[in-house]
Amino acid sequence: MLEFNKKVVLTNLLDPREGFRPKTIETEIRYDPLTGETGRLAHFGVIKTQKEDFLAWDTPENRSRCPFCPENLEKTTPKYPPELIPEGRLRRGQTTIIPNIAPYDQYSALAVMSEAHVVPLEKMTAALIKDALGAGLEFTRRVAAKEAGLPYQIMIWNYMPPSGGGLVHPHIQIIVTGFPGNLYRKTLDNSKDFYMKYGKNYWRELCVIEKNRGERFIGESGAGYWLTPFVPLGVLGEFMVVFPEIRTIYDLDERTLQDLVNGMTRLFNYFIDVGIASFNMGLFFAPVGEAEKYFSLHARFIPRTYLNPREKPSDANAMQVALQEPVTVIHPETQCAELRSIWEK
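Every value quoted in this text rests on a predicted model; they were computed, and no experiment measured them. (Residues numbered from 1 in each chain as written. Predicted model: local features only at pLDDT ≥ 70, side-chain atom pairs only at ≥ 80, totals over all residues. Heavy atoms only, no water.)

Colleague: Help me understand the overall build of the protein chain in this model?
Modeller: Of the regular secondary structure elements, the protein chain holds 8 helices and 14 strands. If you line up the protein chain on its principal axes, its C-alpha atoms span 70 × 55 × 40 Å. The buried share among the 345 residues of the protein chain stands at 51%. Of the contacts made within the protein chain by residues no fewer than 6 positions apart, 66% connect residues no fewer than 24 positions apart. If you sum the accessible surface of the protein chain, you get close to 16100 Å²; carbon and sulfur atoms cover 52% of it. Averaging the positions of the 40 positive and the 42 negative side-chain charges in the protein chain gives two centres separated by 2 Å. (Helix = DSSP H or I, 4+ residues; strand = E, 2+ residues; numbered from the N terminus. Buried < 20%, exposed > 50% of the residue type's maximum accessible area, 1.4 Å probe, protein only. Contact = heavy atoms within 4.5 Å. Areas by Shrake-Rupley, 256 points an atom, 1.4 Å probe, with all protein chains shown as cover. Lys, Arg positive; Asp, Glu negative; His and termini not counted. Charge placed at Lys NZ, Arg CZ, Asp CG, Glu CD.)

Written out as structure tokens, the structure reads:
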């Protein structure tokens, strides 16, 4: 049912670094087992994580201009109308849910995660993560109670500037929409096709197969299965957690939320060890109804970096943007082995 197909193509050249001796370089073309779309494994070892002192941004001047810092949040960020959020903003722990003043959709919220302006991964505690996700979940449920025609709930996180985050003050975006975005839509459609063809939930099958194969299975955190995808989306790879028996925003209870957070803190400890200081995250729920048969809750974590510390060029170029073709410089199997070796410590 699930196929992990790839093709190796060879480049022959005369390498000036070795006196123009003949050299053969491999590039792997991989096919995503769900969508069939391709991604490339190339430039092995060329791109490294770049160190950046984000704490240098934590200055009185920057805090004074930040709308999310405690001294500014109340007077500079918007509120929701009382018919949606009677209290104007939702709060849980240090998290405050506010409307995005530059929205992406009808319901486009921000979960401001902390009072601190800069929170490096070393200080990104389980409590901060859980409160932000939990508050975001409460927001999606409130919207869903009023807007049955908006079936898709998404949480996305741009952590630190290489990820495209416009503000370093940590915040997660929550979107409730009738337009799920291309990746989410393709994933839903292909999950349905798989179910119609085989009568099985793709995500459950993926977890079983990857755990049995072992080469891309990292470990478990409660009900969550952590993997490195066969076709990663990022230059520095990708990490995924799947909760095969959890589907909608109503299935994600406090215990399962803690399972997710526990896995995230282990992943972030690995990021610290290998020098990854930025990432994108997407958390995807099944729409209530028929999709619950074939779609499971899952999250994707894509490390991000600058290509060098001088010009700080983006790690996304024309391959990813113009061709929509992921390029990765590390084998997912290698990355999996690295994280698995410390997963239970």
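Colleague: What should I look at first to understand the state of the cysteines in this one?
Modeller: Put plainly, a disulfide is one covalent bond tying together the sulfur atoms of two cysteines. Evaluation of the coordinates by the stated rule reveals 0 disulfides. Cysteine 66 takes part in no disulfide bond, and the closest cysteine sulfur to it belongs to cysteine 69, at a distance of 3.9 Å. Given the relative accessible area of 3%, cysteine 66 is considered buried. (Disulfide = S-S within 2.5 Å.)

Colleague: It is not clear to me how the sheet that holds strand E10 (residues 224-227) should be interpreted in this structure. Could you clarify?
Modeller: By definition, the strands of a sheet pair up through backbone hydrogen bonds, in either a parallel or an antiparallel sense. The 10 strands lie next to each other as E4-E5-E6-E8-E7-E12-E13-E11-E10-E9, forming an open sheet whose pairing is antiparallel. Whereas interior strands pair on both sides, the edge strands pair on one side only; in this sheet they are strand E4 (90-92) and strand E9 (217-221). Here the strands of the sheet are splayed against their neighbours by 20° on average, with no regard to which way each runs. Sheet topology places E10 next to strand E11 (residues 239-243); 3 bridges connect them, and they run antiparallel. Pairing of tryptophan 226 across the sheet is with valine 241, part of E11. Contacting strand E7 (152-159), strand E12 (279-284) and strand E13 (297-303), helix H4 (residues 182-198) crosses the sheet at an angle of about 135° to E7. Lying on the sheet, helix H8 (residues 332-340) is in contact with E9 and E11; it crosses E9 at an angle near 40°. (Pairing = 2+ DSSP bridges. Axes fitted to C-alpha atoms, helices over the stretch in contact; angles between N-to-C directions.)

Colleague: Explain the nonpolar core to me, please; I cannot follow it from the model alone.
Modeller: In summary, soluble globular proteins display a tendency toward joint burial of nonpolar side chains. Formed by 59 residues in total, the largest nonpolar core has its most connected members in Leu133, Phe139, Trp157, Met264 and Phe268. Considering every element that reaches this core, the biggest residue donor is helix H3 (residues 126-146), with 9 residues. Those residues in contact with phenylalanine 268 that sit more than four places away from it in its chain are Leu121, Met124, Ile129, Trp157 and Phe279. Of all hydrophobic cores here, the second largest spans 23 residues; its members include Phe4, Leu34, Phe217 and Ala291. (Core = buried A, V, L, I, M, F, W, Y, C linked by side-chain atoms within 4.5 Å.)

Colleague: Honestly, the layout of surface pockets in this entry has me stumped. Any pointers?
Modeller: Over the atoms, a rolled probe matching the size of one water molecule traces out where space is still vacant. Quantified by volume, the largest pocket comes out at close to 1400 Å³. Around the largest pocket, the lining is made up of 50 residues, and of these Leu183, Leu233, Arg300, Ile302 and Gln324 lie nearest the centre. Ranked by residue count, the leading element in the lining of the largest pocket is H4, at 5 residues. Residue composition of the lining of the largest pocket, by class: 28 nonpolar, 13 polar and 9 charged. (1 Å grid on protein atoms, 1.4 Å probe; cavity = no way out; pocket = protein on both sides within 12 Å on 5 of 7 lines; lining within 4 Å. Points joined across faces, edges and corners; volume = space filled by probe spheres on them. Nonpolar A, V, L, I, M, F, W, Y, C, P; charged D, E, K, R; others polar.)

Colleague: Mind showing me how you'd approach the packing of aromatic side chains here?
Modeller: Each aromatic ring pair is described using two quantities: the centre-to-centre distance and the angle formed by the ring planes. Within the structure shown, the criterion is met by 24 aromatic pairs. When the centroid spacing of 5.4 Å and the interplanar angle of 80° are considered together, the rings of phenylalanine 194 and tyrosine 202 count as edge-to-face. By the burial criterion, phenylalanine 194 is buried, and tyrosine 202 matches it. Aromatic ring contacts, followed pair by pair, group Trp157, Tyr159, Trp226, Phe239, Phe268, Tyr270, Phe271, Phe279, Phe301 and Trp343 into a single cluster. Taking the ring centre of phenylalanine 4 as reference, the NZ or CZ of arginine 216 above it sits at 4.7 Å. (Phe/Tyr/Trp six-rings, centres within 6.5 Å; stacked < 30°, edge-to-face > 60°. Lys NZ or Arg CZ within 6 Å of the ring centre and 35° of its normal.)

Read these as spatial facts, not as claims about activity.
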